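Analysis of the macromolecular model
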Amino acid sequence: MRNGISRVALIGTGFVGSSYAFAMLNQNISEELVLIDLNKGKSEGDAMDLNHGLAFAPAPTKIWYGDYQDCRDADIVVICAGANQKPGETRLDLVEKNAKIFKGIVDKVMENGFDGIFLVATNPVDILTYATWKYSGLPKERVIGSGTILDTARFRFLLGDYFQIDARNVHAYIIGEHGDTELPVWSKADIGGKPILELMKEKEEYKEEDLEELFVNVRDAAYQIIERKGATYYGIAMGLVRLTKAILRNENSILTVSAYLEGEYDSKDIYIGVPAIVNRNGIRQVVEIELNEKEKEQFHHSVQVLTSIKEKVF
Ligand SMILES: NC(=O)c1ccc[n+]([C@@H]2O[C@H](COP(=O)([O-])OP(=O)(O)OC[C@H]3O[C@@H](n4cnc5c(N)ncnc54)[C@H](O)[C@@H]3O)[C@@H](O)[C@H]2O)c1
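Per chain, the residues get numbers from 1 upward, laid out in the order the sequence is written. With the structure being a predicted model, the display of local features is reserved for residues of pLDDT at least 70 and the display and counting of side-chain atom pairs for 80 or more, all residues being used for whole-chain, interface and lining totals. Processing note: side-chain calculations cover all non-hydrogen atoms of the structure and skip hydrogens and water entirely.

**Thoughts on the overall build of the chain**
Helix and strand counts for the chain stand at 10 helices and 14 strands. Radius of gyration (C-alpha) of the chain: 19 Å, near the 20 Å computed for a compact globule of 314 residues. For the C-alpha atoms alone, the extent of the chain along its principal axes is close to 60 × 45 × 35 Å. A simple rule labels every residue: compare its accessible area, found with a 1.4 Å probe on the protein chains alone, to the largest value its type can have, and call it buried under 20%, exposed over 50%, or partly exposed in between. Here the chain, with 314 residues, has 54% of them falling under the buried criterion. Taking all contacts inside the chain whose residues are at least 6 apart in sequence as the whole, residues at least 24 apart take part in 71%. For the area figures, the Shrake-Rupley method with a 1.4 Å probe applies, and any residue is considered shielded solely by the protein chains shown. Total accessible area on the chain is roughly 14400 Å²; 50% of this is exposed by carbon and sulfur atoms. In this tally Asp and Glu are treated as negative and Lys and Arg as positive; neither His nor the chain ends contributes. Charge positions are represented by NZ for Lys, CZ for Arg, CG for Asp and CD for Glu. Side-chain charges of the chain comprise 36 positive and 47 negative groups, with the mean position of each set lying 4 Å from the other. Numbering of helices and strands starts at the N terminus; helices are DSSP runs of H or I of at least 4 residues and strands are runs of E of at least 2. The size measure is the radius of gyration over C-alpha atoms, and the globule rule it meets is 2.2 Å times the number of residues to the 0.38 power. Only heavy atoms matter for contacts: two residues are in contact if any of them lie within 4.5 Å across the pair.

Structure representation (structure tokens):
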């Protein structure tokens, strides 16, 4: 923050990045927003287009298309640059392509004197958040991945829909890899203080297999959307704005993000989706919830899958 003016630098203004920029403007989260992309025409065009909406925005935001020098005074650098999933491709398939792109990006950001917080959304997000932490040399709490923030939002939406309750009153987490080995924490899921596993006993129409199917729809949501329209972006963009707001407004919010584990959940040297308290300093603390045996096993499987990919890259 320079002279008390908040600045977010966004790198990568594709589907996800430009949706994030649009949501930032509409929710008036930072005073300045700078757009950077390899495709200069795209970020320049986006800056023009977004500026034309300012007359209708809740408050002024200074938006421009810029370069890496603009990262120096940024509070947050958000990275949405890189290749996205093609139909049938898993997030882990993207690793080599995007790790190379990240080395270039993170080096340039750091060379320009950045000393803020990185937010990473590019897939495979847990591996690329680890890469950003390694390449940047910043403390672990200042490198955050979007992790399972979107998966948790999808889970809350579908549970809200099933029980006909506002998703905002559903407390339930998806943790683990943002990808095929993620898991639902059923043992701690509740609605208005009532455990979901208890709620299921209240009506005959509630079936266990419905919950199983519901989770499959969470886990496979990206595939389903990509099949229909080629990419997913609105949900993650809103999740990233939520995270940005939690940081800039020092909210101490609990969000499922990709955080560095150093013994929490019996895991080490890995970035993975877990609930964490987020504030102006980044990740204040990883929240360790008590998992049941099945959930522990699933979580450790997820850790193992990510560790084996990480070891190939580093
Ligand atoms: N974390 C999540 O929950 C989540 C959800 C959806 C998508 N994603 C991921 O977000 C990423 C972006 O997806 P998208 O649909 O916006 O892709 P996209 O292809 O629309 O946009 C990527 C942008 O990155 C830019 N870019 C590429 N290399 C660059 C570099 N070296 N420097 C600067 N800019 C560069 C491209 O020019 C392009 O504008 C993908 O990896 C995708 O898988 C993550």
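**Section: the site of the ligand**
For this purpose, a residue is taken to be near a molecule or strand whenever a single non-hydrogen atom of the residue falls within 4 Å of it. Taken together, 24 residues form the shell around the ligand, and within it Val16, Asp37, Ala83, Asn84 and Ala121 come nearest. Side-chain atoms alone can form a polar contact between residues adjacent in sequence; in general such a contact is a pair of N or O atoms within 3.5 Å, and within protein one must be able to donate a hydrogen while the other accepts it. Within the backbone of Phe15, an N or O atom sits 2.9 Å from an oxygen atom of the ligand. Taking Ala121, its main chain carries an N or O atom lying 2.9 Å from a nitrogen atom of the ligand. About the coverage of the ligand: the protein hides 86% of its 860 Å² of free accessible area. Note on definitions: the grid is 1 Å and covers protein atoms alone; a cavity is a set of points where a 1.4 Å probe fits but cannot get out; a pocket is an open set with protein on both sides within 12 Å along at least five of seven lines; lining residues have an atom within 4 Å of a point. Each molecule is checked against the cavity or pocket grid, and it sits inside if more than half of its atoms lie within 2 Å of the grid points. Under a 2 Å grid-point criterion requiring more than half of the atoms, the pocket assigned to the ligand is the second largest pocket. When contributions to the shell around the ligand are tallied by element, the ones reaching two or more residues are helix 1 (15–27) and helix 3 (95–111). When residues in the shell around the ligand are grouped by element, the largest group, three residues, is from helix 3.

**Looking at the layout of surface pockets**
Grid points are joined across faces, edges and corners, and a volume is the space filled by probe spheres set on the points. Of the voids in this model, the largest pocket is the one considered here, and its volume is about 760 Å³. The wall of the largest pocket is formed by 27 residues, among which Ile149, Thr152, Ala153, Arg154 and Arg156 lie closest to the centre. When residues of the lining of the largest pocket are traced back to their parent elements, those giving at least two are helix 5 (149–163), strand 7 (170–171), helix 7 (208–219), helix 8 (221–229), helix 9 (234–248) and strand 12 (253–262). Here the term charged refers only to Asp, Glu, Lys and Arg, the term nonpolar to Ala, Val, Leu, Ile, Met, Phe, Trp, Tyr, Cys and Pro, and the term polar to all other amino acids, Gly among them. Its residues assigned to classes, the lining of the largest pocket shows 15 nonpolar, seven polar and five charged. Empty space within the second largest pocket amounts to approximately 460 Å³. What lines the second largest pocket is a set of 25 residues, and nearest its centre among them are Val16, Asn84, Ala121, Asn123 and Thr232. At the level of secondary structure, the elements contributing two or more residues to the lining of the second largest pocket comprise helix 1, helix 5 and helix 8.

Coordinates in, geometry out; function isn't part of it.
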